[in-house]
Amino acid sequence: MRFVDFFNALLEGKVIGQKCGDCGSYTCPPKATCDNCGSRNLEAVELSGKGVIRTFTTTYVAPSGYTNEAPYTVAMVELDEGPWIVGRIDLPNEEIEKFGQDLIGARVSVYGKEFPTEPFYPDKKRRVVPMFRLEG
Ligand SMILES: [Zn+2]
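Residues numbered from 1 in each chain as written. Predicted model: local features only at pLDDT ≥ 70, side-chain atom pairs only at ≥ 80, totals over all residues. Heavy atoms only, no water.

Within an unreviewed UniProt entry, the label attached to the protein chain reads Zn-ribbon domain-containing OB-fold protein, and the organism entered is Archaeoglobus fulgidus.

Have a look at this one:
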């Protein structure tokens, strides 16, 4: 599958990964080879779109081109099928500071959000970021 399909699906609230026909494990985002065994025998599948926050960090001083988005919090989420993906936590910064370390282990669902600019790739018209919304 094409990498762009992953982002298009995210905008529809779906997380597409790949299931390995050799070892049965899942790879996400899509790659040419299985993260676990290196096989190219991969089939695109829709994942649950749910997972758990494993770690996160908040950026208060953003790099050039992203300053209007700060503060923002980037997290690594372990999807229920196993792969870890990187995205942003969809909460105002005050909420994130209130939760603090309690965010680690929190269950989230994944969707995609489109940002209007891609500062370092001017020919790219949009940037889709995986977003993590707390469940419950
Ligand atoms: Zn495999």
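Still to come is the rest of the account.
Things to note about the overall build of the protein chain
Tallying secondary structure elements over the protein chain gives two helices and eight strands in all. For the protein chain, the sequential pattern of α-helices and β-strands runs α-β-β-β-β-β-β-α-β-β. A compact globule built from 136 residues should have a C-alpha radius of gyration of about 14 Å, and the protein chain, at 16 Å, falls within 12% of that. Taking all contacts inside the protein chain whose residues are at least 6 apart in sequence as the whole, residues at least 24 apart take part in 52%. Just so you have it, the protein chain exposes about 7600 Å², and 50% of that area is on carbon and sulfur atoms. Charge separation in the protein chain, taken as the distance between the mean sites of 16 positive and 19 negative side-chain charges, equals 3 Å. (Helix = DSSP H or I, 4+ residues; strand = E, 2+ residues; numbered from the N terminus. Rg over C-alpha atoms; globule rule 2.2 N^0.38 Å. Contact = heavy atoms within 4.5 Å. Areas by Shrake-Rupley, 256 points an atom, 1.4 Å probe, with all protein chains shown as cover. Lys, Arg positive; Asp, Glu negative; His and termini not counted. Charge placed at Lys NZ, Arg CZ, Asp CG, Glu CD.)

Focus on the sheet that holds strand E7 (residues 107-115)
Pairing is mixed around the closed barrel formed by five strands, whose spatial order is E4-E5-E6-E8-E7. Within this sheet the neighbouring strands show an average axis-to-axis angle of 45 degrees, counted without direction. (Pairing = 2+ DSSP bridges. Axes fitted to C-alpha atoms, helices over the stretch in contact; angles between N-to-C directions.)

Focus on the pairing of strand E4 (residues 50-59)
As paired strands, E4 and E7 are joined by three bridges and run antiparallel to one another. If you follow Gly 51 over to E7, its bridge partner there is Val 108. Where E4 meets strand E5 (residues 72-79), eight bridges bridge the pair, whose relative direction is antiparallel. Counted as the bridge partner of Thr 59 is Tyr 72 from E5.

Thoughts on the side chain of Thr 58
Inspection of the secondary structure puts Thr 58 in strand E4. Here Thr 73 takes part through its side chain, which lies 2.7 Å from a polar atom of the side chain of Thr 58. Non-local contacts of Thr 58, meaning those with residues more than four positions away in its chain, are made with Pro 71, Tyr 72, Thr 73, Asn 93 and Ile 96. (Polar contact = N/O pair within 3.5 Å; in protein donor to acceptor, adjacent residues only side chain to side chain.)

As for the pattern of salt bridges
With the rule as written, the count across this model stands at nine salt bridges. Between Asp 80 and Arg 107 there is a salt bridge whose closest N-O contact spans 2.9 Å. One end of the pair, Asp 80, is in the loop between E5 and strand E6 (84-89); the other, Arg 107, is in strand E7, with 27 residues separating them in the sequence. Residue class for Arg 107 comes out partly exposed when judged on its relative accessible area of 34%. A cluster of three or more residues bridged by salt bridges with shared partners is formed by Lys 50, Asp 80, Arg 107 and Glu 135. (Salt bridge = Lys/Arg side-chain N within 4 Å of Asp/Glu carboxyl O. Buried < 20%, exposed > 50% of the residue type's maximum accessible area, 1.4 Å probe, protein only.)

Focus on the state of the cysteines
Using the criterion set out here, one finds zero disulfides in the structure. Free of any disulfide, Cys 28 has its nearest cysteine sulfur in Cys 34, 13 Å distant. Residue classification places Cys 28 among the buried residues on the basis of a relative accessible area of 2%. Given a relative accessible area of 3%, Cys 34 falls into the buried group. (Disulfide = S-S within 2.5 Å.)

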